[in-house]
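These are the residues of each chain, in order.
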Amino acid sequence: MRVLGIETSCDETGVAIYDTDLGLLAHTLFSQADVHAEYGGVVPELASRDHVRKLLPLVRETLAAANTTQQQVDAVAYTAGPGLIGALLVGACFARSLAYAWGVPALGVHHMEGHLLAPMLEAEPPEFPFVALLVSGGHTQLVDVAGPGNYQILGESLDDAAGEAFDKTAKMLDLDYPGGPHVARLAERGVAGRFEFPRPMVDRPGLDFSFSGLKTFTLNTIAQHRQADGLPDDQTCADIAYAFQEAVVQTLAIKCRRAIEQTGYKTLVMAGGVSANVRLRQVLQEQLAKVGGRVFYARHEFCTDNGAMIAYAGATRLQLGQSQALAVNVFPRWDMTSLPPLGQS
Ligand code: KG4
Ligand code: ZN
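Definitions and cut-offs
Residues numbered from 1 in each chain as written. Chains lettered and ligands numbered in written order. Predicted model: local features only at pLDDT ≥ 70, side-chain atom pairs only at ≥ 80, totals over all residues. Heavy atoms only, no water. Helix = DSSP H or I, 4+ residues; strand = E, 2+ residues; numbered from the N terminus. Rg over C-alpha atoms; globule rule 2.2 N^0.38 Å. Buried < 20%, exposed > 50% of the residue type's maximum accessible area, 1.4 Å probe, protein only. Contact = heavy atoms within 4.5 Å. Pairing = 2+ DSSP bridges. Axes fitted to C-alpha atoms, helices over the stretch in contact; angles between N-to-C directions. Donors = N, O, S within 2.8 Å, 3.2 Å for Na, K, Ca; no water. Core = buried A, V, L, I, M, F, W, Y, C linked by side-chain atoms within 4.5 Å. Phe/Tyr/Trp six-rings, centres within 6.5 Å; stacked < 30°, edge-to-face > 60°. Lys NZ or Arg CZ within 6 Å of the ring centre and 35° of its normal. Near = heavy atom within 4 Å. Polar contact = N/O pair within 3.5 Å; in protein donor to acceptor, adjacent residues only side chain to side chain. Areas by Shrake-Rupley, 256 points an atom, 1.4 Å probe, with all protein chains shown as cover.

Colleague: Would you take a moment to explain the overall build of the chain for this structure?
Modeller: Scanning the chain from N- to C-terminus turns up 10 helices and 10 strands. The C-alpha radius of gyration computed for the chain amounts to 20 Å, which stays within 12% of the reference 20 Å derived for 345 residues, consistent with globular compactness. C-alpha extents for the chain along the principal axes are approximately 60 × 45 × 30 Å. The proportion of buried residues among the 345 residues of the chain is 55%. Across the chain, contacts joining residues at least 24 apart in sequence account for 73% of those joining residues at least 6 apart.

Written out as structure tokens, the structure is:
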């Protein structure tokens, strides 16, 4: 089965073709980062309009790159949520219309399931069961993945998501949007031990997270070292970025360790934009190695939003006969545990 996947939940237009026999045939991505950079965050209406502009050219380009004619596409998968409602509606209307015109089934995919399954696109995919750490701009969740499509949320952020905390810290340090990669790069020049940031909620039992206090701590630290131009000196900014990243990484690592202990699983899958963070990967790998376990993640371009993960998750469900009627429905908020199972584990 050959599936066209379409991702438009936020500020990336992603398109891909996945073939259940041949694997990923092609994927293209247009990042709107430049469109939103001057506003320091995503402007929903601008995002929707840009998806309208980019979808058709990207679909044409991806079909050509996959050497695939429209007659060879067996189904269309698109992100139906969670995400920005306008951006989701653009992708959903477009995908449903294409599927209707081509006379093939269509399926709305859960964006976080897309992220969670993205490591399956790699040469050595993880095996079920596993604990998934989903860390994106909108979500921070620990999920017990007992089998395919069998999800139980073990813990999640009570306020800001990890990626959101990175983005807000970047803004405070006058770095560009999206901030995660910029904070990570600045942190490489930071000196360990100069600042110690709190690890929120680690002294409480349970697997929930809270990152909004860390944001305030960062803001106060910047204020204490502010110079005449409004920011601390370069080295201090780097030291703050280091301490902030370390606090987020160690907090995530502590909760991952608890989730691994609680479930008894030996596999940790990390997914979502923040799973591209090199320091987070390193700390989790060391931690899992100590208990004889392993960490899996997708290649860098499939950690952040992309069409390939939607084509893959969609193909997996469509192959089982799951598809939906013609109505265009999107879900800006959507509980992943409500999804139907994906067959036997
Ligand atoms: O999964 P994603 O592309 O979009 C959402 O579904 O939200 O995640 C985007 C988030 C942003 O907050 C971005 O700053 C963060 O992932 N991010 C990173 C890194 N690369 C992207 N955070 C920390 N370190 C990185 N290297
Ligand atoms: Zn995402």
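More follows now that the structure is in view.
Colleague: Hey, could you run me through the sheet that holds strand S3 (residues 23–31) in this one?
Modeller: Pairing between the strands of a sheet is mediated by backbone hydrogen bonds and can be parallel or antiparallel. The sheet built from five strands is open, its strands ordered S3-S2-S1-S4-S5 with mixed pairing. A strand with exactly one partner marks an edge of an open sheet, and here the two such strands are S3 and strand S5 (106–110). In this sheet, neighbouring strand axes are inclined to one another by 20 degrees on average, regardless of whether the strands run parallel or antiparallel. When strand S1 (residues 2–7) meets strand S2 (residues 12–19), the two strands line up antiparallel, connected through six bridges. Counterpart to Arg 2 in the pairing with S2 is Asp 19. Along the sheet, helix H3 (residues 85–102) makes contact with S1, strand S4 (75–81) and S5, crossing S4 at roughly 160 degrees. Each of S1, S2, S3, S4 and S5 is contacted by helix H10 (residues 307–318), which is oriented at about 135 degrees to S1, the strand it contacts most.

Colleague: Looking at this structure, I do not really get the coordination of the zinc ion (ligand 2). What am I missing?
Modeller: Octahedral metal centres with six donors ideally show angles of 90 or 180 degrees, and tetrahedral centres with four donors ideally show 109.5 degrees. Coordination of the zinc ion (ligand 2) by the protein comes from His 111 (NE2), His 115 (NE2) and Asp 305 (OD), over a distance range of 2.0 to 2.1 Å. Mapped onto the sequence, the donors of the zinc ion (ligand 2) take the spacing H-x3-H-x189-D. Remark: Asp 305 occurs in the loop between strand S10 (294–297) and H10 and His 111 occurs in helix H4 (residues 111–117); sequence separation between them is 194 residues. The buried category is assigned to His 111, whose relative accessible area is 5%.

Colleague: Sorry if this is basic, but what is going on with the nonpolar core here?
Modeller: Nonpolar side chains in soluble globular proteins generally cluster together in the buried interior. By size, the foremost hydrophobic cluster in this structure holds 63 residues, and its most contacted members are Leu 4, Ile 6, Leu 116 and Tyr 151. Counting residues in each nonpolar core, the second largest holds 45 residues, with Leu 186, Ala 247, Val 249 and Ala 253 among its members.

Colleague: Even after reading the chapter, I still don't get the packing of aromatic side chains, so can you show me in this structure?
Modeller: Within this structure, the stated rule accounts for six aromatic pairs. Aromatic pair Phe 331 and Trp 334: ring centres 4.8 Å apart, planes at 40 degrees, arrangement tilted. Directly above the ring of Tyr 297 sits Arg 281, whose terminal nitrogen or CZ lies 3.8 Å from the centroid.

Colleague: Which parts of the structure should I look at to understand the sheet that holds strand S9 (residues 267–271)?
Modeller: If you walk across this open sheet you meet the five strands as S8-S7-S6-S9-S10, and the pairing is mixed. Each of the sheet's edge strands pairs with one partner strand only, and the pair in question is strand S8 (150–156) and S10. Across the sheet, the mean angle separating the axes of adjacent strands is 25 degrees when strand polarity is ignored. Relative to S9, strand S6 (residues 130–135) runs parallel, the two sharing four bridges. Bridge pairing links Ala 132 to Val 269 in S9. Here helix H8 (residues 234–263) sits on the sheet in contact with S6, strand S7 (140–147), S8 and S9, set at roughly 155 degrees to S6.

Colleague: Would you explain the site of ligand 1 in this entry?
Modeller: The full set close to ligand 1 counts 19 residues, and Gly 137, Asp 167, Gly 180, Gly 273 and Asp 305 are the nearest of them. Between an oxygen atom of ligand 1 and a side-chain N or O atom of His 115, the distance comes to 3.0 Å. The separation between a nitrogen atom of ligand 1 and a polar side-chain atom of Asn 277 is 3.0 Å. When ligand 1 is considered free in solution it has 550 Å² of accessible area, and contact with the protein chains removes 90% of it. For the shell around ligand 1, the secondary-structure elements that each account for two or more residues are H4, helix H5 (162–172) and helix H6 (180–187). Take the shell around ligand 1: its biggest share by element is three residues, from H5.

Colleague: Mind showing me how you'd approach the environment of Gly 149 here?
Modeller: Note that Gly 149 resides in the loop between S7 and S8. Residue Gly 149 is classed as buried on the basis of its relative accessible area, which comes to 6%. Ignoring any residue separated from it by four or fewer positions in sequence, one finds Gly 149 in contact with Glu 113, Arg 317, Leu 339, Pro 340, Pro 341 and Leu 342.

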